[in-house]
Amino acid sequence: MSALQSTRNPQSYGRVAVLYGGRSAEREVSLKSGAAVLAALREAGVDAFGIDVDEHFLERLSQERVDRAFIVLHGRGGEDGSMQGLLECAGIPYTGSGILASALAMDKLRTKQVWQSLGLPTPRHAVLASEEDCKQAAETLGFPLIVKPAHEAPASAWPRSAASPN
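Residues numbered from 1 in each chain as written. Predicted model: local features only at pLDDT ≥ 70, side-chain atom pairs only at ≥ 80, totals over all residues. Heavy atoms only, no water.

Enquirer: Quick question: what am I supposed to make of the overall build of the chain here?
Expert: Looking only at helices and strands, one finds 6 helices and 5 strands in the chain. For the chain, the succession of helices and strands along the chain, N to C, is β-α-β-α-β-α-α-α-α-β-β. Of the accessible surface of the chain, which amounts to about 10,400 Å², a share of 57% is contributed by carbon and sulfur atoms. (Helix = DSSP H or I, 4+ residues; strand = E, 2+ residues; numbered from the N terminus. Areas by Shrake-Rupley, 256 points an atom, 1.4 Å probe, with all protein chains shown as cover.)

Enquirer: Honestly, the nonpolar core in this entry has me stumped. Any pointers?
Expert: Soluble globular proteins: nonpolar side chains tend toward being buried together. With 15 residues, the main nonpolar core has Leu19, Ile51, Phe57, Leu61, Ile71, Met83 and Leu87 as its most contacted residues. For this core, the secondary-structure elements that each account for two or more residues are strand S1 (15-20), strand S2 (47-52), helix H2 (57-63), strand S3 (68-71) and helix H3 (82-90). Sequence-distant contacts of Ile51, that is, excluding residues within four places in its chain, are made with Ala17, Val18, Leu19, Tyr20, Phe57, Arg60 and Leu61. Val16, Leu38, Val46 and Val72 belong to the second largest nonpolar core, which has 9 residues in total. (Core = buried A, V, L, I, M, F, W, Y, C linked by side-chain atoms within 4.5 Å. Buried < 20%, exposed > 50% of the residue type's maximum accessible area, 1.4 Å probe, protein only. Contact = heavy atoms within 4.5 Å.)

Enquirer: Quick question: what am I supposed to make of the pattern of salt bridges here?
Expert: Note on pairing: side chains with opposite charge can pair once their charged atoms come close. Evaluated as defined, the whole model comprises 6 salt bridges. For Arg15, the salt bridge identified is with Asp47, shortest N-O distance 3.6 Å. Residue Arg15 is located in strand S1, and its partner Asp47 is located in strand S2; the two are separated by 32 residues in the primary sequence. Taking the relative accessible area as the measure of exposure, Asp47 reaches 31% and is therefore partly exposed. The residue Asp52 makes a salt bridge to Arg27 at a minimum N-O spacing of 2.7 Å. Placement of Asp52 in strand S2 and of Arg27 in helix H1 (residues 27-43) is noted, with a sequence separation of 25 residues between them. Several salt bridges converge on common partners, so that one network encompasses Arg15, Asp47, Arg60 and Glu64. (Salt bridge = Lys/Arg side-chain N within 4 Å of Asp/Glu carboxyl O.)

Enquirer: When you look at unusual backbone geometry in this model, what are you seeing that I'm missing?
Expert: Leaving glycine out, the prevailing phi sign among residues is negative, and the prevailing peptide bond configuration is trans. Looking along the chain, the bond that leaves Phe143 and enters Pro144 is cis, with omega of 5°. Position of Pro144 relative to the elements: it lies in the loop between helix H6 (131-141) and strand S4 (145-146).

Enquirer: What exactly am I supposed to notice about the packing of aromatic side chains here?
Expert: Two aromatic rings are characterised by how far apart their centres lie and by the angle between their planes. Within the structure shown, the criterion is met by 0 aromatic pairs. Sitting over the ring of Tyr13, Arg8 keeps its end group 4.3 Å from the ring centre. Lying across the ring of Phe49, Arg15 places its NZ or CZ 3.9 Å from the centre. (Phe/Tyr/Trp six-rings, centres within 6.5 Å; stacked < 30°, edge-to-face > 60°. Lys NZ or Arg CZ within 6 Å of the ring centre and 35° of its normal.)

This is how it looks when you write it as structure tokens:
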């Protein structure tokens, strides 16, 4: 049995809206992964269709019969609890975590604080608000460093600093 096969009848999922695109900085990645998810669902026999989450999204969502949603949005608007809240209000089941878990996971600083409070290991970090904070973090943490916003793209989308700047 392949990864796409299941003992469940693909038609039992009903009409599945694959939500992709969006307005975040990660739109292009979402378009590609959304197309791949849509193709895989259709290959598996699921009645799936795609919706680009753009300025016409709500209109399109209200016009379609949607039994459940497969969220393939990256970054703000897709992973931060916003889409999850909208779908819950509309009564549409969706893939992934709920509103609170999504919002918390999107906030990397708050997530680290929760992990630390539970004694879970997490790399050392620093909150940067000024040039002086950056210098202090470099001294305290050493190199290589990954610097990124607390609410945006995955670490893989940001360049790594292998050595101290001159």
